[in-house]
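An overview of the molecular structure
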Amino acid sequence: MIKVGIIGDIVGRIGRRMLITNLAKIKEEYNIDFIVANTENASGGFGISYKNANEILKSGVDVLTGGNHSFDKTDIIPFMDTLPILRPLNFPNEVPGRGIYIKDNIAVINAMGHYGININLDNVFFALENAIQSLQKQGIKNIIVDFHAEASSEKRMAFCMLRGRISALFGTHTHIGSDDLHIQNDSFYVSDLGLCGAYDGVIGMDYEAPLYKAKMGYGKSCYKVLDNGNNIFQMVILSIEDGKCKEAFKLRILNNRRLDDIRAVIL
Ligand SMILES: [Fe+2]
Ligand SMILES: [Fe+2]
């Protein structure tokens, strides 16, 4: 049995602080072997810097996943081949970095959906199918997929295509945690893990700049990570045996307060 922790988009300094404050204790309490975290917004809300990547890896995260903001901080690019940092696998081959990370008998795949994502990508469903077949040929059973997408329908399509062949598929990108955690055909699913960071604004950012842009059709000021109010840390802990997810729950800490866990339904 292995235990894997999965964490959604970490937003800015507040998100990093919530991670660093809480992770070591939780890892120890639940005997977690391996942690995956999405860090596409970890540095000032946009991208992940080399310095912050190291800070997060040192805090106990094993592999960092990304998304549409993977390349916003360009100093990370030379390290994408050596550090355990993924960008979505369906970026064209010419793009730096990789979309699959393998350690021991665990594989993590980072994929990105198409709807509302204004980047030229390869077809995510073919890319995932090819990746899963290749991992199966290598005999790797514990397969975790971060499906970074706007549309839950794309996440559902990918899950329906892969359930029974993967350990887990979780959504990231919306920063809004969903309550549809379940296990079907031994595979875990949730539409979005939700953010780790400031809770009171808009997806971890101060609401004023995005609201101005939404009202006026043009932006007046830069988006800033919200640095006050309530903060949340949330992660799902998976129990996996021989590639099959047996049990899962979501743990949430609002400021210092542990909220009720959300258990995955077994279908
Ligand atoms: Fe994000
Ligand atoms: Fe994103």
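Above this text sits the structure in question.
**Focus: the overall build of the protein**
Counting secondary structure elements, the protein contains five helices and 15 strands. Expressed as lengths along the three principal axes of its C-alpha atoms, the size of the protein is roughly 50 × 45 × 35 Å. Counting over 267 residues, the protein shows a buried share of 46%. For the protein, restricting intrachain contacts to residue pairs at least 6 apart in sequence, the fraction spanning at least 24 positions comes to 63%.

**Thoughts on helix α1 (residues 12-29)**
End to end, α1 covers 26 Å across 18 residues, agreeing with the expected 26 Å (1.5 Å per residue, within 8%). L23 marks where α1 bends most, by close to 40°. Three or more residues of α1 are buried, namely G12, I14, G15, R16, M18, L19, L23 and K27. Contacts made by the buried residues of α1 are with α2 (50-58), β10 (197-198) and β11 (231-241). Note on α1: the residue one or two positions beyond its end, N31, has a positive phi of about 55°.

**Some words on the packing of helix α3 (residues 124-137) against helix α4 (residues 152-162)**
Running from amino to carboxyl end, α3 crosses α4 at an angle of 30°, the nearest separation of the two axes being 11 Å. Comparing the axis directions of α3 and α4 gives the class roughly parallel. When the axes of α3 and α4 are compared, the crossing they make is right-handed. Judged by residue contacts, F125, L128 and I132 of α3 engage M157, A158, M161 and L162 from α4. The class makeup of the residues in the contact of α3 with α4 is seven nonpolar, no polar and no charged.

**Section: the sheet that holds strand β4 (residues 100-103)**
Read from one edge to the other, the open sheet built from seven strands follows the order β4-β5-β6-β7-β9-β8-β15, with strand pairing classed as mixed. Taken across any chain shown, the strands that pair with only one partner, and hence form the sheet edges, are β4 and β15 (265-266). Pairing geometry for strand β6 (residues 142-148) and strand β7 (residues 168-172), over five bridges, is parallel. Within β7, the residue paired with D146 across the bridge is F170. Contacts between α3 and the sheet are confined to β4, β5 (106-112) and β6, with β5 contributing the most and set at about 170° to the helix.

**Some words on the nonpolar core**
Core analysis: the largest hydrophobic core is formed by 71 residues, its most contacted members being I6, V145, A168, L169, V236 and L238. Of the residues forming this core, the biggest block, seven residues, is contributed by β11. Beyond its immediate stretch of four places on either side in the chain, L238 contacts K3, V4, I6, S167, A168, F188, C245 and A248.

**Some points on unusual backbone geometry**
Despite not being glycine, D104 has its phi angle at roughly 55°, a positive value. With respect to the helices, strands and loops of the structure, D104 is situated in the loop between β4 and β5.

**Quick look at the pairing of β6**
Within β6, seven of the seven residues are buried, which leaves it mostly tucked inside the rest of the structure. With burial as the criterion, each face of β6 is covered, one bearing N142, I144, D146 and H148 and the other bearing I143, V145 and F147. In the sheet, β5 pairs with β6 via seven bridges, with the strands oriented parallel. Across the sheet, residue A107 finds its bridge partner in β6, namely I143. The parallel pair β5 and β6, bridged by α3, forms a crossover whose chirality is right-handed. Chirality of the crossover, the property in question, places the unit of β6, α4 and β7 among those that are right-handed.

**A word on the pairing of strand β1 (residues 2-7)**
As judged from the six bridges shared by β1 and β11, these two strands associate in the antiparallel manner. The residue of β11 that forms the bridge with I7 is M235. You can see the chain leave β1, run along α1 and come back into strand β2 (residues 34-38), and the turn it takes is right-handed.

Procedures and definitions
- Residues numbered from 1 in each chain as written.
- Chains lettered and ligands numbered in written order.
- Predicted model: local features only at pLDDT ≥ 70, side-chain atom pairs only at ≥ 80, totals over all residues.
- Helix = DSSP H or I, 4+ residues; strand = E, 2+ residues; numbered from the N terminus.
- Buried ≥ 20, exposed ≤ 12 C-beta atoms within 10 Å, placed from the backbone.
- Contact = placed C-beta atoms within 7 Å.
- Expected span 1.5 Å × (residues − 1).
- Bend = angle between axes of the 7 residues up to and from the residue.
- Axes fitted to C-alpha atoms, helices over the stretch in contact; angles between N-to-C directions.
- Parallel < 35°, antiparallel > 145°, perpendicular 65-115°, else oblique.
- Left-handed = near helix turned anticlockwise from the far one by under 90°.
- Nonpolar A, V, L, I, M, F, W, Y, C, P; charged D, E, K, R; others polar.
- Pairing = 2+ DSSP bridges.
- Core = buried A, V, L, I, M, F, W, Y, C linked by C-beta atoms within 7 Å.
- Right-handed = clockwise from strand over helix to strand, strands pointing away.

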